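Chain and residue survey
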Amino acid sequence: MKLTKSLIAGAALTALPTLALAQDAAPGFDEIGPYIMTTLLFCMAGFLVFFMAAGFAMLEGGLVRSKNVTMQMTKNIALYSIAAIMYWLVGFNTMYPGDFNGYFAIGGQTVLDPVGVAAADAALDYASIGSDFFFQLVFVAATASIVSGALAERIKLWPFLIFVVVLTGLMYPISGSWKWGGGWLDAAGFQDFAGSTVVHSVGGWAALAGAIVLGPRLGKYKDGRVNPMPGSNLALATLGTFILWLGWFGFNGGSQLAMGTVGDVSDVSRIFANTNMAAAAGAVTALILTQVLYKKPDLTMVLNGALAGLVSITAEPLAPTLFGALWIGAIGGVIVVFTVPLLDKLKIDDVVGAIPVHLFAGIWGTIAVVFYNSDANLGTQLLGIISYGVFTFVASLVLWFILKAVMGIRVGEEEEITGLDMSELGMEAYPDFSKG
Amino acid sequence: MKLTKSLIAGAALTALPTLALAQDAAPGFDEIGPYIMTTLLFCMAGFLVFFMAAGFAMLEGGLVRSKNVTMQMTKNIALYSIAAIMYWLVGFNTMYPGDFNGYFAIGGQTVLDPVGVAAADAALDYASIGSDFFFQLVFVAATASIVSGALAERIKLWPFLIFVVVLTGLMYPISGSWKWGGGWLDAAGFQDFAGSTVVHSVGGWAALAGAIVLGPRLGKYKDGRVNPMPGSNLALATLGTFILWLGWFGFNGGSQLAMGTVGDVSDVSRIFANTNMAAAAGAVTALILTQVLYKKPDLTMVLNGALAGLVSITAEPLAPTLFGALWIGAIGGVIVVFTVPLLDKLKIDDVVGAIPVHLFAGIWGTIAVVFYNSDANLGTQLLGIISYGVFTFVASLVLWFILKAVMGIRVGEEEEITGLDMSELGMEAYPDFSKG
Amino acid sequence: MKLTKSLIAGAALTALPTLALAQDAAPGFDEIGPYIMTTLLFCMAGFLVFFMAAGFAMLEGGLVRSKNVTMQMTKNIALYSIAAIMYWLVGFNTMYPGDFNGYFAIGGQTVLDPVGVAAADAALDYASIGSDFFFQLVFVAATASIVSGALAERIKLWPFLIFVVVLTGLMYPISGSWKWGGGWLDAAGFQDFAGSTVVHSVGGWAALAGAIVLGPRLGKYKDGRVNPMPGSNLALATLGTFILWLGWFGFNGGSQLAMGTVGDVSDVSRIFANTNMAAAAGAVTALILTQVLYKKPDLTMVLNGALAGLVSITAEPLAPTLFGALWIGAIGGVIVVFTVPLLDKLKIDDVVGAIPVHLFAGIWGTIAVVFYNSDANLGTQLLGIISYGVFTFVASLVLWFILKAVMGIRVGEEEEITGLDMSELGMEAYPDFSKG
């Protein structure tokens, strides 16, 4: 047998598990299996959702003009990093008060299980704290990513990042606790399996408030016409979409929150199949619709159609049949095709289509729960949608106004025309090619 | 303990697995472990193979000229989405007739296991239907991706997508059932572990038929010379290759179809090691060969060499030793270097080298099974190769001719020169840089 | 039930595991579970670390000028492939002498477990050889990737690849065995959980030696000024960083080397959380520092800050609290911001910042072990750092000088100015856009 790291070094504290277990009446799979499998599920789903940060970055980097790409990259890696820190500092323990924090209380920093936790000291009916924390953390980062896309090409870096601090440390955790922390909306029977509302529409509302306060990009709406500002790299945007689709298997599949029984692992696989179907249906619907409406298929609509399909199925990816996932996702695709121009009519400038995809399709997905989950009813779903909307939109609006008053949130006209990369960061993303 | 989503909301139907199991004489790992682990294998391998859709898109997007990149992205996301829908609608139940469908019958839409399936109702000696469906679905999409690369830069969008509908809904499932559905080639002893023939050469034959009917790109073969049309983004093509390589661990590893025993999980790891070795050998071989033959290493050959190594080992990634994987993959690399110019001599224009990689190396890999798998014999392997070839090539040829007659499959000369992005879609992939 | 590949074809040698196990007193999870879970951990962590090869390629491809991108891609896919072959040929059995090889002996090629290994013949207290080999193999490739970044834009292809042959086949395995092969540094109590020293600083030392022998790029240091040579694609560099971050969950998490007990899987999740935190802290620190020092946040510093955070936590990702991971990673970020200009002052031209990230932060991470791991002491950590440094730096220096004398390691002046892509490979990476 090959000697390797832990066997020699003992660094990993493993010390021949078979022998160790044999000594004290080895616990069977029924006892420790669910804990091990669910912890693994969180780690695996967690790294998939983590990678969505790259997906958002590539999608947004592909859809902005080349003169703003460095800034968009900077915002995306910074927002993920800030979310990670804030969620540890206050978010996780605000959102999941559990049995030792008061409701709404800020519970302080996250504390992990001790190294090499003994089975007797672990929550065997659940999973390790580290895995759960990591899994929840990557969700909050997704919420912040939604905002960065909508407000691209004109918002200053630092006010945006301050918004992210508050969003990820307070706003998201507070409203998240209403449902996932066992709060009043959960008690009322509101259903949102993986976060069409809790994550996506929250990001969408924050983005909408920001887009209104910030105003459209210079020249976007001029003389009653909508001036297209095409994305600089559609290969990158497509890559970003595929990465997000990949990450969504973790986003929805991991939200099963258990993988140690026949029923749970089967449910995870059901969710995979449904999630994939909804995305496919959203993409195909947007493809056909743009062909019919505009006589030319529109790739950016197809990409957003796939994403809208994913957001639509996120509130209930388990209960629907594959056909259910198909039509729920397809309506997501329809929503994107019709609401992207609608926002333009309202002169709300959403650079990447984040509001149609995450807010409008998020609302739709939350409503669609009632068709397949008998525990859901339309009234409670609407109550949840409105509650998250009012709270997030108002809180965001107030915060954006404060930031605007205190430090300004928008770059100067000249800076915007030059592009944020050179004016704010002094660094082009594509110095060898770009003509701006 | 931290309260989280399912514990509070009950959304995931988990309800404390430990306690639930304890009530009725907890099933041991020997009973439910294989089902859980294999379902997990399919989910994990499935998301890896899903990501190959992004790999193909990036590889192809990098190897076409910048004026056709938006179209290539559109085709790739559309083909994956169509494959997902068609395989649900007819493909899966056509391919795996199993015990309730007649042979060759179209069995209707895929039906998943019920939510929270009980152990007593699950096929404990296998895995959940959702996981198996998802895993098989991403394979069929790979087949369609192979076609899109070869026919790039000149085929119209819609005829291509109609071809994908038939390929993924009927052609691939029908021929796939011959081997993996337990059909006549399986009964005859044909061996194809993960699809050198069933997936890759099938895609290659369909691409070859298309390339012949479609004809080469304008100006590709002129005055007896082969006019190089260099790819627009070799960084993207390299990324695509790495993503495909990554996905192949799922492609081959998942084809073990079981992970719940010591033998099975060891075999999965054997497959990982062999798959990696074959790719490495294919890449190094192409690197050295192009240095020797042309005095300059050729990156696109190295990328295709790695892919050819992967295709070559796909028919039997388990049985060979690491040295076996090395030389089988190396021959794949040799095949690519010598057959890419060969196709050019025949004036068959394969934009990305899909036919050498997937068809020629696929044939080689299927033959190579006989060296390490004693259940295989050369005659039966050739029978399988020819059967898949004749069926797929003829069916594809007929379909391409019908599409050509009915709606035309090729864009006009002017459109081709302008590029498909502006002429067909009205949207450039790199509007800030491209000079075409 | 649906019939699928293995059930029909028997190709996978599974043969209904439940029944097979039932016959001879089914082994429980306590007996075979750890083997299965740990093998799975290695496969999963292995494919994540494999993907780091793509991360390095994209990071480096984004940070070099467009005229050298094809070369950088070629080097990256070639170095990975060579590492895979060399590590099989000599590396693995040199590094892990175990119980059948003499110390330091070259043990010949790696031999995998037999197909379908029986539980009785497997090392049930560990994992399958294939999974362990694959996991260790991707580590050695990472070491080589570090070198390619630092020496970009001027080193010839073949001497670089010969260096990779020696590095991955001999140098890394020999020094690696000191710690992970159970050698003298392990006996002395040196602690390096996942390789801040064994992997990262080794790569850094080899790169430093190369950068010194090779000299800076033409025009980099002129008239006492440092001439910036901006990277050609910061979107790609950002993607590469995210991919590396993703891969690092496998790099550190997999180094737990066990996942089959409650304690082990919890530790893996602890490592995930800590690894993520260190990266986030490194990124935020570099962001704030560059804002304060230069008044403009520097994206490349933020990317390298994240990577430095990751390298810093790699020597001990398990023991620290989340706050520990935060400050250890943050200091990694500080190190990058201050040592990148320092190298420039010394006229050591490190194109991508590999030496600050992997060597300097690697040293820091190895020292930082003493703060949270009571088994570590500063003296032994310094002994390890110095031993690895002296051995690798001297051996590399000698090898670089030999290569320089025998075949030359640097392209000609004209070639360098033209760019390596056209002069050495005759193939531009972005032929449709690039102006060089």
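The structure contained in this document is the topic of the report that follows. These numbers come from a predicted model, not from an experiment.

What counts, and at which threshold
Every chain begins its residue count from 1, and numbering advances along the sequence as written. Lettering for chains starts from A, numbering for ligands starts from 1, and both go in the order in which the items are written. The predicted nature of this model means local features are confined to residues of pLDDT at least 70 and side-chain atom pairs, given and counted, to a pLDDT of 80 or more, with totals for whole chains, interfaces and linings taken over all residues. Heavy atoms from the whole structure form the basis of all side-chain values; hydrogens and water molecules are not counted. Here a residue-residue contact requires only that any non-hydrogen atoms of the pair lie within 4.5 Å. Here the quantity called buried area is the total loss of accessible area, with a 1.4 Å probe, experienced by two parts when brought into contact, counted for both. A pairing counts as a salt bridge when a side-chain nitrogen of Lys or Arg comes within 4 Å of a carboxyl oxygen of Asp or Glu. We call two N or O atoms a polar contact when they sit within 3.5 Å, provided that within protein one can donate a hydrogen and the other can accept it, with sequence-adjacent residues counted only if both atoms are side-chain atoms. By definition, any uninterrupted DSSP run of H or I lasting at least four residues is a helix, any uninterrupted run of E lasting at least two residues is a strand, and each is numbered from the N terminus. For this scheme, ten residues count as nonpolar: Ala, Val, Leu, Ile, Met, Phe, Trp, Tyr, Cys and Pro. Four count as charged, namely Asp, Glu, Lys and Arg, and the remainder, Gly too, count as polar. Least squares is used to superpose the copies, and the fit set is the C-alpha atoms of residues whose pLDDT is at least 70 in both copies. Stacked, tilted and edge-to-face are the three classes assigned to paired rings of Phe, Tyr and Trp, where Trp is represented by its six-membered ring and a pair needs centres within 6.5 Å; plane angles under 30 degrees give stacked, over 60 edge-to-face, the rest tilted. The buried label goes to any residue with under 20% of its type's maximum accessible area, the exposed label to any with over 50%, and the partly exposed label to all in between, with areas taken from a 1.4 Å probe on protein chains only.

1. Side note on the interface of chain B and chain C
- On the side of chain C, 83 residues touch chain B, which itself brings 93 residues to the contact.
- Taken together, both faces of the contact between chain B and chain C bury some 7,000 Å²; the carbon and sulfur share is 76%.
- On the chain B side of the interface with chain C, the three residues burying the most area are Phe29(B), Phe242(B) and Val262(B), jointly 10% of the side's total.
- In this structure, the connection of chain B to chain C is made through zero salt bridges.
- There are 10 residue pairs in polar contact (both at pLDDT 80 or more) connecting chain B and chain C.
- Mapped onto the side of chain B that touches chain C, the elements with two or more residues apiece are helix 3 (29-63), helix 4 (69-95), helix 5 (129-150), helix 9 (234-253), helix 10 (262-294), helix 11 (299-314) and helix 12 (322-345) of chain B.
- The greatest single-element share of the side of chain B that touches chain C, amounting to 21 residues, is contributed by helix 10 of chain B.
- Broken down by class, the residue content of the side of chain B that touches chain C amounts to 54 nonpolar, 25 polar and 14 charged.

2. Brief notes about the relation of the copies chain C and chain A
- Here chain C sits on chain A after a turn of 120° about the axis and a move of 0.0 Å along it, with an RMSD of 0.0 Å. A rotation of that kind, with that shift, is consistent with a three-fold axis. Using C-alpha coordinates, one finds that chain C approaches the rotation axis most closely at Phe29(C), a distance of 3.1 Å.
- Interface overlap between copies is the fraction of interface residues in one copy that are interface residues in the other; for chain C against chain A it is only 12%, indicating separate surfaces.

3. Thoughts on the packing of aromatic side chains
- This model, assessed by the stated rule, comprises 107 aromatic pairs over all chains.
- Both rings, one in Trp245(A) and one in Phe50(B), keep their centres 5.4 Å apart while their planes meet at 40°; by these two values the pair is tilted. In this pair, Trp245(A) is assigned in helix 9 (residues 234-253) and Phe50(B) in helix 3, connecting two distinct chains.
- Among the residues examined, Trp245(A) registers a relative accessible area of 0% and is labelled buried.
- Here Phe50(B) falls in the buried class, since its relative accessible area comes to 0%.
- For the ring pair Tyr87(B) and Phe92(B), a centre distance of 5.9 Å and an interplane angle of 55° mean the geometry is tilted.
- With relative accessibility at 0%, the residue Phe92(B) sits in the buried group.

4. Side note on the relation of the copies chain B and chain C
- Of the transformation placing chain B onto chain C, the axial shift is 0.0 Å and the rotation is 120°, giving an RMSD of 0.0 Å.
- Each copy contacts the other with its own distinct surface, as only 12% of the interface residues of chain B are interface residues in chain C too.

The quantities given are spatial measurements derived from coordinates; they are silent on function.
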